[in-house]
Amino acid sequence: MSKPSSILQVAVPGPFSGPLDYLPPSGDGPGPLAGARVRVPLGSRREVGVITGLSESSDHPRKRLRPAIEILDQRPLLDAPTLGLAQWAARYYHHPIGEVLAGCLPTSLRRGQWPSAPSVSAWRINDDIPEEQCARQVQRSPRQAQVLARVTACGGAATIGDLQDLDGDWRGAIRHLVDKALLEPISEFEAATYPTEAPELNDEQHAAVTAICAALDKHAVFLLDGITGSGKTEVYLAALQATLRAGRQALVLVPEIGLTPQLVQRFRQRLGTRLAVMHSGLSDGDRARAWLAARDGTADVVIGTRSALFTPLARPGLLIVDEEHDLSFKQQDGFRYHARDLAVVRAHQLGVPLVLGSATPSLESRHNAQQRRYRHLQLNRRAGTAKPPAVHLLDLRGQPLQAGLSPELIRQMHRHLNDDGQVLLFLNRRGYAPVLLCHDCGGIAECSRCDARLTYHRAASRLRCHHCGYERPVDTRCGDCGSTTLQSVGQGTEQLESMLQTLFPEHAVSRIDRDTTRRQGAMEALLDDAHSGRSRILLGTQMLAKGHDLPDVSLVGILDCDQGLFGADFRATERMAQLIVQVSGRAGRAERAGEVLLQTHHPEHPLLVRLLRDGYRAFADDALKERQLMGLPPCGHLALLRAEAPTAGPPRAFLEQARGLGVGLAGPGLSLLGPVPAPMERRAGRFRAQLLVQCGDRPTMQRFLFRLRPGLADLPLARKVRWSLDVDPQDML
Ligand code: ADP
Ligand code: ZN
Ligand code: ZN
């Protein structure tokens, strides 16, 4: 126990480089503890911070320290491992610890409150009441008996989803049962039901599960590198079951668009356990309750998106990151952490295994597997009876196109549709057309706030900027010459949809992109149409690329895979290859043999040829060699200092000053590149520039950043620009 006179180190939200020192609050009350929330004065405001440590001394004279107002937690809200992870992340990403901690906590907890009472969405049979008494009490109400029978059949606890197909007023029956104390209301993640049966694992799956389970009480990182449809999810489920049998909890991270109700349902039913879901779409109360359930051990499995990584676990046993290559694991603003990379740190700290799964592992993870830092588990065959699809290139050169569709693709679509197959078309551009052009003067409608063109949305009759959200009604006249002969150039998903309705009037078409799925539930409805087979042609952007099991899709068409070949970012080809493989994985998931057609103007492009002839792994090895030569990640390390302001001068000048500071601190093996304007210099009315730091090894990079970071805030222009430091940036925009 620390002496009450210790000085509190408190992480307070704000741009402070470390925790701030306070005296303990006067009066009785719980003793100060690391991980507890505390209300403190800050200037003229009051803030809630988290105690990160206690100390006997301060850099400031004791009489200048202010006392904290109130310790809010009798027992620390954050356990030591979670606090340790946040501290590690704050150091590594050079981000204020107060902001990091604020980011890991649900809002109500961050504000010093507790979530309100749980929303009831499940019920459990009260075990204290003997069965005969139960039966007697519902004798005269068949409806109550029916509900009770269903809850029993579900394993003694049931969620709304388990009950909603019952006839009549089952909610009323539940109310009566709760009044009689035969049922207890519980929150959804408390509901544990009997697990449903798993399929017999094949040899590769079995070997993977055995390897993971052998490591269940130690630290190890596994790269589960399995082609699409090879049954990676079944491997996770088996490893999760073993973890649960050992009385431990597990955390599963999935990409933002992968966390579908279908996925949650599959986990809930198979595991038959108390499962908490964590994503940004939850109400804060639900999020806070799930967070606390994980911390207190009343939920056994947490499944969530990026920020769920920071959920405390009472009995940690296993971490899983599915689709580990996915870009959504990296936060792109504020605290720019990578949840996959931090999962490695967390698994190490907790001494538990981590499984990173993907059909298209990131080059980072592949590199780590080759260096034997990760154990490489491979699934090379599709599970069940499905066969891998046949992939072909379609040469677009000289072909007449209809909304981007080549005659051969149209012909193949007819063939597959006539054979009762479903067709999935992929075009990574929403809207009707990416350009609106004046036929008389060549003028193009551009965003006034970005270096970007406005996208034409025909149904809405609007021009929209996809970078800043600006929009306006479609021009009737050219802004430059007044001509009325405006025409659209290029095509987006909206145009493709209307062309498909013309070309295939007898088949229903579903379009899935950000525009058609904005409304809550719209995505589920569209996917339902696809699952039930009502819609035969699906088209969409990369939202459609993964996560969805559509067994009847027999043909996948990628309309334009040339974008990725010539991208500005050095990761563009990696992303293109991942996308092609993931989209192709949508074909032939069940009994049907699948076919994939890639339209390109560059059928001889060496990367495309390599990918199609030799597969993703061969492609990845080539790409890794190239990164090695260039000293780029994962064979080198990057940090990006960004700056932006309403005019172009200050960001450049600030970065010049930063460069001057950095040159004095940089040792051998570290280079500073720039400053240069960002690839899209102006966005949302702000001019952006960047300075790139490149270094062969991580410790040298970190030492440099530690020395650079404090000086940045003191640069003369630091207050004239908005600046940020991005360690391990995932995109160069
Ligand atoms: P992935 O996660 O690798 O894409 P899934 O685990 O979703 O693959 O499996 C793909 C499909 O194959 C699913 O429908 C799943 O139920 C089925 N499946 C997986 N493993 C087996 C198995 N061992 N036997 C039969 N079917 C399986
Ligand atoms: Zn014009
Ligand atoms: Zn814009």
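Before reading further, recall that the structure is shown in the block above.
These notes cover the structure that comes with them. Here the residue numbers are simple positions, counted from 1 along each chain's written sequence. Chain letters start at A and ligand numbers start at 1, both assigned in the order the entries are written. Where totals are concerned, whole chains, interfaces and linings use all residues; where local detail is concerned, this predicted model gives features only for residues with pLDDT of at least 70, and gives and counts side-chain atom pairs only at 80 or more. Hydrogen atoms and water are omitted, and side-chain values are computed over all heavy atoms in the structure.

**Considering the coordination of the zinc ion (ligand 2)**
Part 1: Sites may look incomplete, because water is not among the atoms used; the donor set itself consists of N, O and S atoms within 2.8 Å of the metal (3.2 Å for Na, K and Ca). Protein-derived coordination of the zinc ion (ligand 2) comes from C438 (SG), C441 (SG), C478 (SG) and C481 (SG), at a distance range of 2.2 to 2.4 Å.
Part 2: Because the angles between the 4 donor atoms bound to the zinc ion (ligand 2) fall within 105 to 114°, the donor set is best described as tetrahedral.
Part 3: Counting gaps between the donor residues of the zinc ion (ligand 2) yields the pattern C-x2-C-x36-C-x2-C. Note that C438 is positioned in strand 18 (residues 435-438) and C481 in the loop between strand 21 (471-473) and strand 22 (486-489), a separation of 43 residues in sequence. A site with four donors is called tetrahedral when every donor-metal-donor angle falls between 85 and 135 degrees; four donors are called square planar, and six octahedral, when opposite donors sit more than 155 degrees apart and all other angles fall between 65 and 115; any other arrangement is irregular. Helix numbers and strand numbers start at the N terminus; a helix is a DSSP run of H or I with at least 4 residues, a strand a run of E with at least 2.

**Topic: the side chain of D300**
Part 1: By secondary structure assignment, the location of D300 is in the loop between helix 11 (284-296) and strand 12 (301-304).
Part 2: Here, residues are in contact when the closest pair of their heavy atoms is within 4.5 Å. Here D300 is in contact with L244, R248, Q249, A250, T273, R274 and R315, once residues within four sequence places are set aside.

**Re the sheet that holds strand 6 (residues 122-125)**
Part 1: Pairing between strands requires that DSSP locate at least two bridges from one strand to the other. Spatial strand order, 7-6-8: 3 strands in an open sheet with antiparallel pairing. Each edge of the sheet is formed by a strand with only one pairing partner; in this case those strands are strand 7 (157-159) and strand 8 (183-186). Averaged over all adjacent pairs, the angle separating strand axes in this sheet is 25°, with direction ignored.
Part 2: Relative to strand 7, strand 6 runs antiparallel, the two sharing 3 bridges. Directly across from A122, in strand 7, lies its bridge partner T159.
Part 3: This element, helix 5 (residues 142-153), spans strand 6, strand 7 and strand 8 of the sheet and lies at about 90° to strand 6. Axes here refer to lines fitted to C-alpha atoms; in helices the fit is confined to the stretch in contact. Angles between the N-to-C directions go from 0 to 180 degrees.

**Focus: the sheet that holds strand 27 (residues 637-645)**
Part 1: Here 4 strands make up an open sheet; going across it, the order is 28-29-27-30 and the pairing antiparallel. Strand pairing shows two members of the sheet lacking a second neighbour, strand 28 (670-683) and strand 30 (722-727), which therefore form its edges. Direction aside, neighbouring strands of the sheet carry axes that sit 20° apart on average.
Part 2: Taken together, the 6 bridges between strand 27 and strand 30 define a ladder with antiparallel strand orientation. Note on strand 30: the bridge partner recorded for A643 is W723.
Part 3: Contacting strand 27, strand 28, strand 29 (686-695) and strand 30, helix 20 (residues 698-713) crosses the sheet at an angle of about 165° to strand 30.

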